[in-house]
Amino acid sequence: NLWLFGNGHQRKGIIRGDFGSSLRTGEPIENFIWKKLGYSLELIFIAVSLAFLFAIPTGMRLTRTKSKHSQNMLNILIYLMYSIPGYLAATLLIFFFANTQSLYWFPESGLYPIGYHPSEHSYWSNLRIGMPYMILPILTYAISAFAFISKLTKNITAEELNFDYYKTALAKGLSAKEATRKHVLKNILIPLVTLFTQILPAAVGGTLIVELIFQYPGIGQVTYDAALNANYPVIVAVFTISGIMTVVAYLLADIVYALINP
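Cut-off values and rules
Residues numbered from 1 in each chain as written. Predicted model: local features only at pLDDT ≥ 70, side-chain atom pairs only at ≥ 80, totals over all residues. Heavy atoms only, no water. Phe/Tyr/Trp six-rings, centres within 6.5 Å; stacked < 30°, edge-to-face > 60°. Helix = DSSP H or I, 4+ residues; strand = E, 2+ residues; numbered from the N terminus. Buried < 20%, exposed > 50% of the residue type's maximum accessible area, 1.4 Å probe, protein only. Patch = residues over 30% accessible without salt bridge, like charges linked within 9 Å, V, L, I, M, F, W, Y side chains within 5 Å. Areas by Shrake-Rupley, 256 points an atom, 1.4 Å probe, with all protein chains shown as cover. Salt bridge = Lys/Arg side-chain N within 4 Å of Asp/Glu carboxyl O. Lys, Arg positive; Asp, Glu negative; His and termini not counted. Charge placed at Lys NZ, Arg CZ, Asp CG, Glu CD. Core = buried A, V, L, I, M, F, W, Y, C linked by side-chain atoms within 4.5 Å. Contact = heavy atoms within 4.5 Å. Expected span 1.5 Å × (residues − 1). Bend = angle between axes of the 7 residues up to and from the residue.

### Points about the packing of aromatic side chains
Across all of its chains, the model carries 6 aromatic pairs by this definition. On the basis of an interplanar angle of 25° and a centroid distance of 6.0 Å, the ring pair of Tyr82 and Phe148 is categorised as stacked. With Tyr82 in helix 3 (residues 68-83) and Phe148 in helix 5 (residues 123-160), this pair connects stretches of sequence that are 66 residues apart. Taking the relative accessible area as the measure of exposure, Phe148 reaches 36% and is therefore partly exposed. With a centroid separation of 6.4 Å and an interplanar angle of 25°, the aromatic rings of Phe163 and Tyr165 are classed as stacked.

Okay, here's the thing in structure tokens:
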């Protein structure tokens, strides 16, 4: 009861957002966990949005490509991107684009410059200052997401092209590109929406390796530190938030289904 509803004095209970205090620092968990979750959500939302933006046209194009050579080359590239582990992709990106000995285009770790205080600035100013630090983590996550979504889109689209509604659209004089865009796209979006809404619960732990390599101050790193230090209130808070976000994701998916295809 104390954990759920509090005692009306020092503890408000988890249903009011009071997760207790960290065993390591004594700081109230709600003081830092929402900010850390926001950092992870920001990162994964941008990465997955970019992946969807480029992966859906790529997957649909794969089904329309007549050239076997072009199709094989795209398939090889997609499988290669999908098979690269996250830690290897992150290491390669740091080596090629954050190397002080060759190309130093992006910072290799952290989120803000040393001495910068985000609490003193607006959200958009923080985003502008922090964006160069986010580029490599975003690319790391987007690479495998792009490959997976492209392959999934290709498979779903290929299945839809066998249905009568697509053949009827072609018989009415639409080109393959127009029939795919006007009729097939709406149907293939339904399973893709399910995948997209999973970014909410995935943000809780899905970026753990990326956050550790880039020293990104997100919820994945908080979870890792809590597990190492047996900080049980933080672990319980993380899994509680994960469960809530999973339910919210399913509800959001149902709403979007109705909007896409009433």
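### Digging into the environment of Lys167
In this structure, Lys167 sits in helix 6 (residues 164-171). Accessibility expressed as a relative area gives 47% for Lys167, which makes it partly exposed. For the pair formed by Lys167 and Ile135, sequence separation is 32 residues and the distance between their alpha carbons is 43 Å.

### As for the environment of Leu195
Turning to its location among the elements, Leu195 is positioned in helix 7 (residues 176-197). When the C-alpha atoms of Leu195 and Val48 are compared, they prove to be 9.9 Å apart, with 147 residues separating the residues in sequence.

### Structural notes on a positive patch on the surface
Residues Arg61, Lys177, Arg181 and Lys182 make up a contiguous surface patch of positive charge. Among the elements that take part in the positive patch, helix 7 stands out by supplying 3 residues, more than any other. Mapped onto the elements, Arg181 comes out in helix 7. Residue classification places Arg181 among the partly exposed positions, given a relative accessible area of 49%.

### Concerning the nonpolar core
With 35 residues, the main nonpolar core has Val48, Phe52, Leu111, Met134, Ile149 and Tyr216 as its most contacted residues. Of all the secondary structure elements, the ones that give two or more residues to this core are helix 2 (33-64), helix 3, helix 5, helix 6 and helix 7. Those residues in contact with Val48 that lie beyond four places of it in its chain are Tyr141, Phe196 and Ile199. Core analysis: the second largest hydrophobic core is formed by 14 residues, Ile219, Ala226, Ala237 and Met245 among them.

### Examining helix 7
Look at helix 7: 29 Å from first C-alpha to last across 22 residues, which is about the 32 Å you get at 1.5 Å a residue. Along helix 7, the sharpest change in direction is near 50° and occurs at Val184.

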